[in-house]
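The lines below spell out each chain.
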Amino acid sequence: MKQWQAVTITLLLLGVGLFWWDKTRIEPKASSAGKPYVVAGSANPGEIILYKLGENTMTEQKRINTGYKFVFTVRVGDIYNTGKSTIIAGVGDSFYKDPYGCHVIAYDLNLQKIETIDTLSDLRCKDLVIDDLDQDGTKEVVLATHGEGYIRIYRHIADEWQKEEVEHNFIAQIDQEESQNHRVSNVDLPCDDCLIQSAVHIVKAVDTDGRGEKEIIATISSPLELQGVDEVSFVMLYRRKNGVWEKEIIDRGENFEFRSIEIGDIDNNGFQDIVVGTGSPRDVSISVFAYEHANGAWSKKEVFTDANAKNMKGLVVTDYDQNGEKSIILATGFPDSTLYHISWDGSSFVPIEIDRISSLLQNGGQHNAMAAFVIPDTQNVITAGMSTFPEQMIGWEASEKGFIAYYSNKNGILSSNLVDTMNILGMDLFTE
């Protein structure tokens with residue numbers, strides 16, 4: 001396929017920026033063949049940015065203002081089941097403007113239209129996944145939110161979006177069972193009717209038991225806004241049986257949050273691992289854990305820990321060394337963002353520092369990776385995130401600063417390129 005040529009863009013103001021591309025230009029495929037692209041979602045302002053990847057460069061193709069302050073998450077996939085690609089994003093204004101809400105928006109690259117899939121009362125659309133959950137050849141969309149903590153499934157059937165609720169405010173259920181209170185008081189919120197109690201951080205789809213249908217794995221914690229109350233967090237599995245979603249707690253944590261999720265056989269023993277990175281604003285050590293289901297039970301092992309980092313959100317499981325064995329690429333956060341390669345040596349997990357991402361950013365801030373990708377069939381890494389400025393009382397939502405960094409590894413020679421300094425909250429990699 002030829003490189004990007006002229007594209008036709010039309011913007012209509014319907015509360016969000018509307019856009020499309022000539023349908024012959026971008027068609028993501030399952031294979032790694034073709035030219036790779038990155039789509040990123042930014043904050044302050046909320047923009048969707050498209051980049052074309054070169055050997056060690058990223059070239060901006062288009063920057064679209066959505067009309068909201070935040071693009072919390074962005075994905076690319078065949079959500080209409082037409083064989084064509086669509087950008088899907090979770091956008092909103094968080095606490096900044098009324099009406100509050102999380103909006104799930106689809107930008108169809110081929111049919112040249114925009115569609116609002118759903119609007120929820122929650123303040124943040126935190127994650128989206130596109131996958132074939134029931135393995136029937138059609139894709140579904142799974143949404144995770146912060147606030148009331150929804151997990152919802154969307155299916156495009158007969159030109160309509162049908163939605164199914166998997167979870168709603170799990171922390172409220174735990175609070176009721178255990179006589180606790182992890183709800184943020186509305187006295188501390190700008191919206192009188194906001195409900196802030198559950199934060200669903202990441203959702204993934206994976207067949208853990210070989211049934212031929214995929215389960216949903218989610219990380220859920222008490223809200224980030226909660227102060228003075230110990231955090232509670234869970235790694236959850238949702239499995240559909242007889243049309244009903246049953247839930248299983250894989251693990252529970254206190255005083256930190258389970259956040260990122262990746263799937264892969266990281267110790268090369270033939271069993272898939274659920275790899276989970278943690279985070280916390282508190283003065284605690286955080287880690288990467290791996291969970292393996294074998295012989296009817298879950299086992300847990302610590303893969304990596306760091307006494308200084310406060311977030312382990314940029315997580316990738318991949319065959320980084322291209323030797324047929326999976327390993328981990330990890331981009332940490334707060335106060336510094338550092339890039340690691342973590343591999344299994346037969347008896348333990350060995351971390352090797354690739355680079356300190358924060359060294360690329362000389363702005364006096366603290367830096368936090370929110371996403372990372374390895375370009376297929378290479379050792380090239382893209383990581384993106386935010387910069388905050390505690391001395392200026394600028395937190396992660398208020399910050400306009402951040403980064404996209406491109407690390408190229410060619411014949412063992414590492415080069416780095418600071419591509420952009422936007423506050424990047426979400427990112428996806430796809431090929432034409």
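Notes on the structure follow. (Residues numbered from 1 in each chain as written. Predicted model: local features only at pLDDT ≥ 70, side-chain atom pairs only at ≥ 80, totals over all residues. Heavy atoms only, no water.)

A word on the pairing of strand β3 (residues 58–65)
Condition: By the convention used here, strands pair only if DSSP detects at least 2 bridges between them. Secondary structure follows DSSP: runs of H or I at least 4 residues long count as helices, runs of E at least 2 residues long count as strands, and numbering of each begins at the N terminus.
Bridge count between strand β2 (residues 47–53) and β3: seven bridges; the pairing is antiparallel. Within the sheet, the bridge partner assigned to Ile49 lies in β3 and is Arg63. Here β2 hands over to β3 after four residues, the two strands then running antiparallel side by side.

Structural notes on the nonpolar core
Note the threshold: In this description, a nonpolar core means a group of buried Ala, Val, Leu, Ile, Met, Phe, Trp, Tyr and Cys residues linked to one another through side-chain atoms lying within 4.5 Å. Accessible area is worked out with a 1.4 Å probe on protein chains only. A residue is then buried under 20% of its type maximum, exposed over 50%, and partly exposed in between. What makes two residues a contact is simply this: any of their non-hydrogen atoms within 4.5 Å.
Of all hydrophobic cores here, the largest spans 21 residues; its most connected members are Val142, Ile151, Val203, Ile216, Ile220 and Tyr238. Top element by residues in this core is strand β14 (residues 232–241). It accounts for four residues. Residue contacts for Tyr238: discarding those within four places in its chain leaves Ile151, Val166, Glu167, Glu215, Ile216, Ala218, Ile220, Trp245, Glu246 and Lys247.

Thoughts on empty space enclosed by the protein
Rules: Using only the protein atoms, space was sampled on a 1 Å grid; points where a 1.4 Å probe fits but cannot get out form cavities, open sets with protein on both sides within 12 Å along at least five of seven lines form pockets, and lining residues are those with an atom within 4 Å of a point. Grid points are joined across faces, edges and corners, and a volume is the space filled by probe spheres set on the points. Basically, the charged four are Asp, Glu, Lys and Arg, the nonpolar ten are Ala, Val, Leu, Ile, Met, Phe, Trp, Tyr, Cys and Pro, and anything else, Gly included, counts as polar.
Considering all chains together, one arrives at one cavity of 30 Å³ or more under this definition. By volume, the largest cavity amounts to about 60 Å³. Along the walls of the largest cavity sit Phe95, Leu123, Arg124, His146, Gly147, Ile196, Gln197, Ser198, Ala199, Pro223, Leu224 and Glu225, which together make up its complete lining. Secondary-structure elements contributing two or more residues to the lining of the largest cavity are β9 (140–147) and β12 (198–206). Within the lining of the largest cavity, the residues separate by chemical class into six nonpolar, four polar and two charged.

Structural notes on helix α1 (residues 170–178)
The periodicity of an α-helix, 3.6 residues per turn, causes residues three or four places apart in sequence to face the same way. As a reminder of what qualifies: Picture the helix axis, draw a direction to every C-beta atom, and the arc is the one those directions span.
Buried residues of α1: Phe170, Ile171, Ile174 and Asp175, and no others. Along α1, the residues classed as buried sweep out an arc of 140 degrees about the axis, all on the same side. In α1, the exposed residues that point more than 90 degrees away from the buried face are Gln176 and Glu177. In the core, the buried residues of α1 are packed alongside β11 (160–168), β12, β13 (215–221), β14 and β15 (244–254). Looking one or two residues past α1, Ser179 carries a phi angle of roughly 55 degrees, positive in sign.

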